[in-house]
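As a plain string of letters, each chain reads:
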Amino acid sequence: MMVEQVAQGAALHWLPMAEAGVQTLQPPLDGMPAVLGWLAQQRYDGALVVQSSPHELVLLVLDGAPIGASLRSTMGGHVLVGPDALRGLVERAGPGARSTARLLPFARPLVETLASTLDPQPTVRPLEGTEQLRAALREVAARNHHGVVDLIVGERWGRTLFHHGRLLGAYHYDNLAVAPSLAALGRLATAGPGTLVVRRVPARPPAPLQWPAAAAPALAATPEAAPAQAWRSAEPAAPLAADPVRDEQIESNLLWLLSHVDKDRDRAAQSQEPAPRVLQVLASFANAMFAFAAHLAPTSRQRLAAPRQAEVIAMLRPGYPLLAEVELRKDEIDAPALARRYRTLPRDSTAAADFYRGVTRGLLALTQHAATLVLTEIGDPAVRARCTAALEVWVASVEAALAPAAER
């Protein structure tokens, strides 16, 4: 399954960590042309990652021009590439949908190397063990390889970067920082039978991609402005007729969940150890929202696939790095383990406060993702608007309490 996804274009989503200069915007999708215009003026080299839950669009930008695009969704379906990816995001989310866009600047050689993910006919072969890995890497290096070499073992992957035969380094699913050592890939090769995917940079630079024509764009945020947390409105990917019984059940269950998490959070905030207990409550609520979305999936009129928290965490983790502290147990967050992790930090320390804020925002992003999937199942616009408003109020209450609670 993982190899099939890579062959369809998901390889572009395996981006390395940017060393510095990451910027975050929150434009509506119809404001993206203004963002791309600004990148062209800056002759920007890097990637632009646009998330409008449950969709993620990756644009590879060279000298200010988008040269590659890939769109995937945790709701399932094929990965879209090229112009289809840009159109697909606008059509699925709606031109006015809110988004979070991250600018990841990379050195030009790295961007040129990542352009190999656009290779439509990669070389794919089985591989097992470190000896075969070393032999394969020596072989591609001897051929003055210009591109990437991906090793895939089950759901895990590692990537080696070559720029005109020169090794730039490697990174992998669990550590996105590019490192000169290939030790981590060697360990991955010993984890079981794998697949090696060799991709080459196209001989000719691809034509720059254009954002789909839309209404006059309005840039909602500038690169210099740090965005506030914002609720992402959820319109169905296709119009749904109102189903009074189903819509009422979804609304009742959602409001019941919100009522209970508010009570649990209030009790936790008034306890002797508010921070770890609040984290446990928020983690449990994220689990509940994912369970709710999964419950709706079998009868989904949107053909919603049951979301997997591990996949969503992997998608959100670049924007919320402290999600790396979240442990999963059978695709659910281990809420007690998260509370215990907080208690290992020095009390009233900066590290504890940063941990609390970072993990809380990551848990909010997870919850919003699952809730968005739930909202898209509501056909009645009035019911969806009420549910969205209730969720907005809840998120705002968590944000408002965030700083004071972290200081206790």
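Residues numbered from 1 in each chain as written. Predicted model: local features only at pLDDT ≥ 70, side-chain atom pairs only at ≥ 80, totals over all residues. Heavy atoms only, no water.

1. Brief notes about the packing of helix α10 (residues 335-343) against helix α11 (residues 350-375)
Here is the rule we go by: All axes are obtained by fitting lines to C-alpha atoms, using only the stretch in contact for helices, and the reported angles, taken between N-to-C directions, cover 0 to 180 degrees. In this text, helices come from DSSP runs of H or I with a minimum length of four residues, and strands from runs of E with a minimum of two, each type numbered from the N-terminal end. By the definition adopted for this analysis, an angle is roughly parallel if under 35 degrees, roughly antiparallel if over 145, roughly perpendicular if from 65 to 115, and oblique otherwise. Any two residues having at least one pair of non-hydrogen atoms within 4.5 Å are treated as being in contact.
Taken N-terminus to C-terminus, the directions of α10 and α11 make an angle of 155 degrees; their axes are 10 Å apart at the nearest point. By the criterion of interaxial angle, the relationship of α10 to α11 is roughly antiparallel. On the side of α10, the interface is formed by L338, R341 and Y342, while α11 contributes A352, F355, Y356, V359 and L363.

2. A few points about the pairing of strand β3 (residues 55-62)
The cut-off we apply is this: The classification of residues rests on relative accessible area computed with a 1.4 Å probe and restricted to protein chains. Under 20% of the type maximum is buried, over 50% is exposed, and intermediate values are partly exposed. Any two strands with at least two DSSP-identified bridges between them are counted as paired.
Counted residue by residue, β3 has eight buried out of eight residues, so it is predominantly covered. Residue alternation in β3 divides its side chains into two sets, H55, L57, L59 and V61 and E56, V58, L60 and L62, and both sets are buried. The antiparallel pairing of strand β2 (residues 46-52) with β3 creates a hairpin that spans two residues between the two strands. Pairing analysis gives eight bridges linking β3 to strand β4 (residues 65-73), with the strands arranged antiparallel. Across the sheet, the residue bridging to V61 is P66, located in β4.

3. Comments concerning the packing of aromatic side chains
Filter applied, for reference: Aromatic rings from Phe, Tyr and Trp, taking only the six-membered ring of Trp, are treated as a pair when their centres fall within 6.5 Å; an angle between ring planes under 30 degrees marks them as stacked, one over 60 as edge-to-face, and anything in between as tilted.
Within the structure shown, the criterion is met by five aromatic pairs. Judged by centre distance (4.4 Å) and plane angle (5 degrees), the ring pair of W14 and W157 falls under stacked. In this pair, W14 sits in the loop between α1 (2-8) and β1 (23-25) while W157 sits in strand β9 (residues 156-163), placing the two residues 143 residues apart along the sequence. W157 sits in the buried class, given a relative accessible area of 8%. Through a chain of ring-to-ring contacts, the aromatic side chains of W14, W157 and Y171 assemble into a single cluster.

4. Details of the sheet that holds β2
Sheet strands pair via backbone hydrogen bonds, and the direction of the pair is either parallel or antiparallel. The antiparallel open sheet is built from six strands, whose spatial order is β1-β6-β2-β3-β4-β5. At either margin of the open sheet sits one strand with a lone partner, and together these are β1 and β5 (80-81). The sheet strands contacting helix α2 (residues 32-42) are β1, β2, β3, β4 and β6 (100-105), and the helix crosses β2 at an angle near 170 degrees.

5. Thoughts on the sheet that holds strand β12 (residues 194-200)
With respect to topology, six strands assemble into an open sheet ordered β7-β12-β8-β9-β10-β11, the strand pairing being antiparallel. The open sheet has two free edges, formed respectively by β7 (123-127) and β11 (175-179), since each of these has just one partner strand. Each neighbouring strand pair of the sheet contributes to a mean axis angle of 20 degrees, computed without reference to strand direction. As paired elements, strand β10 (residues 166-172) and β11 share two bridges and run antiparallel to each other. When the bridges of β11 are listed, A170 appears paired with A179. Relative to β7, helix α5 (residues 130-142) is tilted by about 155 degrees, and along the sheet it contacts β7, β8 (147-153), β9 and β12.

6. A word on the confidence of the model for the chain
Applied cut-off: Looking at any residue, its pLDDT shows the predictor's confidence there, from 0 to 100.
Of all residues in the chain, 89% attain a pLDDT of 70 or more, and the chain-wide mean is 84. The secondary-structure element of the chain with the lowest mean pLDDT is α1, recorded at 52, while helix α4 (residues 108-114) shows the highest, at 95. Within the model, pLDDT remains below 50 along residues 215-233, and this stretch shows 48 contacts once partners closer than five positions in the same chain are excluded.

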